[in-house]
Amino acid sequence: MNTTGPAADDARVDGLRLVPFRGLRYVPERVGSLAAVTSPPYDVVVRPDGLHHLESADPHNIVRLILPQAMTAGTRHRKAAVTLDRWIAEGVLAPDPKPALYVYEQRSGDLLQRGLIGALELSPPDRGIVLPHEDVMPHVVEDRAALMRTTAANLEPLLLTYVGEGNGATRVIEQAIQREPLLSTTTEDGFHHSLWAVTDPADLAAVDAELAGHQALIADGHHRWATYLRLQEEHDSPSPWSYGLVLLIDTARYPLRVRAIHRLLSRLPVADALAALEGRFRVRSVDGPLPAAMETLAAAVAEGNAFLLAGDGGFHLVDRPDPELLATTIRTDLPEAWRTLDATVLHATMLDHLWHIPDAPEHIAYIHDTEAAVAQAERRGGTAVLMHPVREEVVRDLARQGVTMPRKSTSFGPKPATGLVLRSLALD
């Protein structure tokens, strides 16, 4: 890993430090297609349907590394490590010849997003360089840490955002996209992906100079960021474990979309959920189909906390919580912007106080897609709690105050496709 130049200067302004690395990439001639070996991030794959679909798309699909299947956790992680080593030995994956930052572009219709993939120097929360905005689940961090430790690889980049001035990094990106890309593919969701390598020392210095002094918001990947920090503590610094793979987006130039993450309560039938809410919230049945019901939810959120419950073949709007109930169930020592979040009301008031559901994976699943959440709730006889997204400015403001939102409160996107470029710590 290249750590020379301005980034290595002790006088450097405290800020982001994104360094080049030797990307590990699929060899196109060894796979059916680049699109067929990619995957959404591990926590977006809807299991088991999505997992089986990806595994059958190509025998070398990246999901075999990020979500390996076996009876025990230890066996799963070792299986991923053996698979990764075998693919490298067979030439399915190969490292690029020189360390690079990678310009990454995603296009779909009118949506265009560009950013830089690199190895970001890790920093503790108290330095305020990388701002988390959500809590994490310890068992997920433990699983991701074990997988990363066993494979000695960063298999998918986190999504981070910063607000730039349109200087060095922007110029480097706009120059890079004039060249022929390293790879270009269109995935089945309609997104076109392209990747370019940036290796010129002057370009790397320009990126470094702009990022110095900036802070970044974790848009997607809180559990992987917590995993990076945990594994860093296990190794002497500096080392390859002092850096983590990220995609960094300047949202002043390329604003992200913010979507909600929904809850699936497999053990709570809709009838029981609604009965516990009677007299505490206003509960109404609303017309479908799902898109129309989600529009009704969006209109209700404009007036306060609101949720859409589904799973029994219908849709039920839950809004106008009892103010006295909120006052007795929600913490008062945090900002009003946190106290009034839908996710705060859901977890503190509904899940904890009224439904008595522990925040454990056997009780609550987090699903990004509305249709998938409803379908799984109907299949299991449970309840899907459909949410409305939080505005990005609220997320960033709370993060700057050091206030984390309830876990899985937001879904920023578009997310980077997993499998386009990996980082093997053995190459650094």
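Residues numbered from 1 in each chain as written. Predicted model: local features only at pLDDT ≥ 70, side-chain atom pairs only at ≥ 80, totals over all residues. Heavy atoms only, no water.

Details of the pairing of strand β2 (residues 23-26)
Operational definition: For two strands to count as paired, DSSP must find a minimum of two bridges between them. Working definition: helices are DSSP H or I runs of at least four residues, strands are E runs of at least two. Numbering for both runs from the N terminus.
Bridge analysis of β2 against strand β21 (residues 422-424) gives two bridges, and the strand direction is antiparallel. Following the sheet pairing, L24 is matched in β21 by L422. Sheet topology note: the β2/strand β3 (residues 93-95) ladder contains three bridges and is antiparallel. If you follow L24 over to β3, its bridge partner there is P95.

Brief notes about the sheet that holds β3
Sheet strands associate in pairs through backbone hydrogen bonding, adopting either a parallel or an antiparallel arrangement. Sheet architecture is open: four strands sit in the order β3-β2-β21-β7, paired in antiparallel fashion. Two strands close off the open sheet at either side, each with one partner strand: β3 and β7 (153-154).

Let's talk about the environment of I129
The condition is simple: Relative accessible area decides the class of each residue, using a 1.4 Å probe on protein chains only: under 20% of the type maximum gives buried, over 50% gives exposed, and in between gives partly exposed. Should any heavy atoms of two residues lie within 4.5 Å, those residues are considered in contact.
Locating I129 in the fold gives a position in the loop between β5 (111-121) and β6 (130-131). Overall, the relative accessible area of 6% leaves I129 in the buried class. Between the C-alpha atom of I129 and that of G213, which follows or precedes it by 84 residues, the distance is 8.4 Å. Those residues in contact with I129, other than ones at most four positions away along the chain, are D14, G15, L16, S123, H214, Q215 and A216.

Quick word on the sheet that holds strand β19 (residues 383-386)
Operational definition: Axis lines are fitted through C-alpha atoms, for helices just across the contact stretch, and the angle between N-to-C directions can take any value from 0 to 180 degrees.
Read from one edge to the other, the open sheet built from six strands follows the order β15-β17-β16-β19-β14-β18, with strand pairing classed as antiparallel. Here the strands that pair on one side only, and so sit at the sheet edges, are β15 (282-286) and β18 (364-367). With direction set aside, neighbouring strand axes in the sheet form an average angle of 25°. Contacts from helix α14 (residues 370-380) reach β14 (262-265), β16 (306-310), β18 and β19, with the element oriented near 160° to β19.

Quick look at the packing of aromatic side chains
Selection criterion: Aromatic pairs are defined between Phe, Tyr and Trp rings, using the six-membered ring for Trp, whenever the two ring centres lie within 6.5 Å; interplanar angles under 30 degrees are classed as stacked, those over 60 as edge-to-face, and all others as tilted. Note on criteria: charge over ring means Lys NZ or Arg CZ within 6 Å of the ring centre, with the direction from the centre no more than 35 degrees off the ring normal.
Tallied over the entire structure, the rule returns three aromatic pairs. Aromatic pair Y26 and W87: ring centres 6.2 Å apart, planes at 50°, arrangement tilted. Residue Y26 is found in strand β2, and its partner W87 is found in helix α4 (residues 73-89); the two are separated by 61 residues along the sequence. Like W87, Y26 is buried. Between W225 and Y228 the ring centres are 6.3 Å apart and the planes differ by 70°, which places this aromatic pair in the edge-to-face class. Taken together, the residues span about one helical turn, with W225 and Y228 both in helix α8 (residues 222-233) at a distance of three residues. In terms of burial, W225 and Y228 fall into one category: buried. Positioned above the aromatic ring of Y42, the side-chain terminus of R144 is 4.0 Å from the ring centre.

Comments concerning the pattern of salt bridges
Quick note on the threshold: Here a salt bridge means any side-chain nitrogen of Lys or Arg lying within 4 Å of a carboxyl oxygen belonging to Asp or Glu.
One pass over the structure, following the stated rule, counts 21 salt bridges. One salt bridge connects E121 with R17, and the closest N-O pair in it is separated by 3.1 Å. With E121 in strand β5 and R17 in the segment before β1 (18-19), this residue pair connects regions lying 104 residues apart in the sequence. The partner of R282 in a salt bridge is D319, and the shortest N-O contact between them spans 2.9 Å. Remark: D319 occurs in strand β17 (residues 315-319) and R282 occurs in strand β15; sequence separation between them is 37 residues. Classification of D319 by relative accessible area gives buried; the value is 3%. Shared partners join several salt bridges into a network, and the residues in it are E156, D220, R224 and K415.

Comments concerning the environment of L317
Relative to the helices and strands, L317 resides in strand β17. Between the C-alpha atom of L317 and that of L67, which follows or precedes it by 250 residues, the distance is 35 Å. Ignoring anything within four residues of it in the chain, the contact list for L317 reads R282, V283, R284, V286, T296, L297, A300, A306, F307 and L308.

Examining unusual backbone geometry
Following G288, the chain continues to P289 via a peptide bond in cis, the omega torsion being 0°. Following the sequence through the fold, P289 ends up in the loop between β15 and α10 (290-301).

A word on the pairing of β16
In the case of a regular strand, side chains alternate between the two sheet surfaces. Across the five residues of β16, five count as buried, placing the element largely inside the fold. Across the two faces of β16 the burial is the same, with A306, L308 and A310 and F307 and L309 all buried. Alignment of β16 against β17, held across five bridges, turns out to be antiparallel. In the strand pairing of β17, A310 is matched with F315. Following β16, the chain reverses through four residues before pairing antiparallel with β17; G311 in that reversal takes a positive phi of roughly 140°. Of the strand pairs in this sheet, β16 and β19 are connected by three bridges, and their pairing is antiparallel. Paired with L308 across the bridge in β19 is L386.

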